[in-house]
Each structure stands twice: as structure tokens, then as C-alpha cells.
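Letter by letter, the chains look like this.
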Amino acid sequence: MKGFCLFSGSKVTNNEEFRKQLQAKNKCLLGLILLGIISAAAAYYMEFSGKMKVDDYMLGVYCGIGVGLICSGIVFLIRNKRLMKDEEKLKEARLQVTDERNIEIGSRALRMAAFVLLIVMYFAFLFGGLYDPMISKLMSCMICLFLIVYAIAWRVLNKHM
Amino acid sequence: MKTRIQDLRKELGVTQSELADAVDVTRQTIISLEGGRYKASLVLAHKLAQFFHVTIEELFIFDQEDENI
């Protein structure tokens with residue numbers, strides 16, 4: 001799955017521009033690590049302060065997400081730092097994200113994933129309500145949100161292209 | 001749509017990697033283009049035509065019926 005990257009695609013044309021883009025991405029990764037620290041710290045605070053009563057499952061979720069974000073942020077940060085030092089690998093990575101076929105594959109895969117997600121949400125909306133009406137409400141809100149965002153994005157892109 | 005990329009590349013003695021490097025795409029894209037599984041964008045078609053010193057029409061053979069031209 002070489003070249004696989006969610007929301008991939010870039011217009012950079014040389015290594016220097018790509019290096020600047022990676023530097024900007026590194027700042028986002030630092031934000032991701034910070035989010036992870038906040039999530040994990042919140043879980044520990046809830047566990048040990050005794051001020052809030054949260055069940056063990058949710059504590060595990062907060063803690064797991066926090067640690068996951070921290071670890072993935074650090075791994076990608078190290079990867080980007082290594083890439084920026086090696087011109088050959090930097091070029092290889094740049095071609096993977098700027099390659100028009102990879103971008104096309106990414107947008108088609110995203111389209112398929114969105115379609116499947118909509119179908120799954122529709123069935124969850126239809127049958128989830130039998131177990132808990134909240135599931136139906138949540139799913140209908142998610143479907144509406146998806147369609148609204150799609151319509152707005154379409155209008156914005158239509159004006160700019 | 002058929003292409004003459006493979007023929008011209010072999011005539012020049014250029015490898016797929018070298019061609020990919022020259023036009024700033026991955027080798028996999030060149031393989032897909034040669035196999036006719038992927039249609040190049042206008043920019044890539046222009047870059048390839050420039051590389052081989054031919055016109056886009058000489059490099060890409062459009063099927064008039066398939067492409068609805």
C-alpha cells in the first residue's frame with residue numbers, strides 16, 4: 001500500500017516546497033500530541049480526583065485515544081524529520097503525495113468510503129432505533145450533517161473552479 | 001485510449017523509473033499509463049509529449065467512439 005495516505009494530495013513541485021509543507025505538518029503533529037496529552041490527562045484526572053464519576057470503559061477510551069494520538073504524533077514527527085534530512089527519500093515521499101494517479105485513487109477511495117458510510121448510517125438509523133432511539137437520532141443528525149457539508153463544499157468548489 | 005509511451009520510451013532506451021523521474025510521477029503511474037489503465041491529465045500529457053519531443057496527439061491515440069469525440 002505504498003502511497004496510501006488519507007486525504008493525500010499536494011501541489012508542491014520541488015523538494016524545498018515539500019520541506020516547508022512538512023514543517024507545517026510537523027506543527028499540526030505537535031497539536032495532535034498536545035490533544036493526546038489533554039485526553040490522557042483528562043482520563044487520569046477523572047480517575048484520581050474523585051470529582052467525576054466516569055465508568056471504566058470510557059476511562060479506557062479516553063486514555064487509549066490519548067496514548068494513541070501521542071504515539072502516532074511522535075512516530076510521524078520522527079518520520080518527517082528523517083525525511084527532511086534525506087533528499088532522495090524526500091523526493092520519493094513528495095512523488096507519492098503529488099502523483100496525480102495517487103491523488104485520483106485517494107479521491108475515488110474516499111468517495112467509495114463515504115458511500116459505504118452513508119449506507120451503514122442509514123441502516124443504523126433504521127434498525128438502531130429498535131434498541132435505543134438515541135441511535136436513530138444520532139444517525140439522522142450525522143446523515144444530515146454529511147449532506148449539508150457536501151452541499152456547502154460543492155457550492156464553494158463550484159465557485160472556485 | 002492507446003498510448004505510444006512504451007514504444008517511444010524503448011526507442012530512446014529510457015527505463016520506466018527514469019521517465020517517471022523526468023515527469024515527476026511514480027513508476028506505477030508510468031506502468032498504468034503504458035498499460036492503458038490510467039488516463040493522464042493534460043499537464044502530465046504535456047510533460048510526456050515534451051520529454052519525447054512529439055505532440056500530444058502523436059503520443060496518445062484517441063478512440064473517437066470511446067472518447068465521444
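Residues numbered from 1 in each chain as written. Chains lettered and ligands numbered in written order. Predicted model: local features only at pLDDT ≥ 70, side-chain atom pairs only at ≥ 80, totals over all residues. Heavy atoms only, no water.

Further remarks concern the UniProt feature "domain: HTH cro/C1-type" (unreviewed entry) in chain B. The sites that carry the UniProt feature "domain: HTH cro/C1-type" (unreviewed entry) are, in the present numbering, residues 5–59 of chain B. Helix and strand shares over residues 5–59 of chain B are 71% and 0% respectively, and the end C-alpha atoms of the span are 6 Å apart. (UniProt positions renumbered as here; feature names shortened; annotations may be inferred. Helix = DSSP H or I, 4+ residues; strand = E, 2+ residues; numbered from the N terminus.)

This part covers the pattern of salt bridges. Residues and elements named next belong to chain A. Here the structure, examined in full by the defined rule, presents 6 salt bridges over all chains. Across the pair Arg19 and Glu16 runs a salt bridge whose closest N-O atoms are separated by 3.0 Å. Of this pair, Arg19 and Glu16 both sit in helix α1 (residues 15–49), 3 residues apart, roughly one helical turn. Arg19 sits in the buried class, given a relative accessible area of 14%. For Glu16, a relative accessible area of 46% translates into the label partly exposed. The closest approach of N and O atoms between Arg108 and Glu104, which form a salt bridge, is 3.1 Å. With Arg108 and Glu104 both in helix α4 (residues 100–131), this residue pair falls 4 residues apart, about one helical turn. Accessibility expressed as a relative area gives 30% for Glu104, which makes it partly exposed. Several salt bridges converge on common partners, so that one network encompasses Glu16, Arg19 and Glu87. (Salt bridge = Lys/Arg side-chain N within 4 Å of Asp/Glu carboxyl O. Buried < 20%, exposed > 50% of the residue type's maximum accessible area, 1.4 Å probe, protein only.)

The next point concerns the packing of α4(A) against helix α5 (residues 133–160) of chain A. Residues and elements named next belong to chain A. At a closest axis distance of 6 Å, the pairing of α4 and α5 adopts a crossing angle of 155 degrees. The orientation of α4 relative to α5 falls into the category roughly antiparallel. Crossing geometry of α4 relative to α5 is assigned as left-handed. Facing Ala114, Leu118, Met121, Tyr122, Ala124, Phe125, Gly128, Gly129 and Tyr131 of α4, the residues of α5 in contact are Pro133, Ile135, Ser136, Met139, Ser140, Met142, Ile143 and Phe146. Along the lines of polarity and charge, the residues of the contact of α4 with α5 split into 13 nonpolar, 4 polar and no charged. (Axes fitted to C-alpha atoms, helices over the stretch in contact; angles between N-to-C directions. Parallel < 35°, antiparallel > 145°, perpendicular 65-115°, else oblique. Left-handed = near helix turned anticlockwise from the far one by under 90°. Contact = heavy atoms within 4.5 Å. Nonpolar A, V, L, I, M, F, W, Y, C, P; charged D, E, K, R; others polar.)

On to the packing of α1(A) against helix α2 (residues 56–85) of chain A. Residue and element names in this part refer to chain A. Relative to each other, α1 and α2 sit at 160 degrees, their axes nearing to 8 Å. As judged from the angle between their axes, α1 and α2 are roughly antiparallel. Handedness of the crossing formed by α1 with α2: left-handed. Broken down by class, the residue content of the contact of α1 with α2 amounts to 21 nonpolar, 8 polar and 4 charged.

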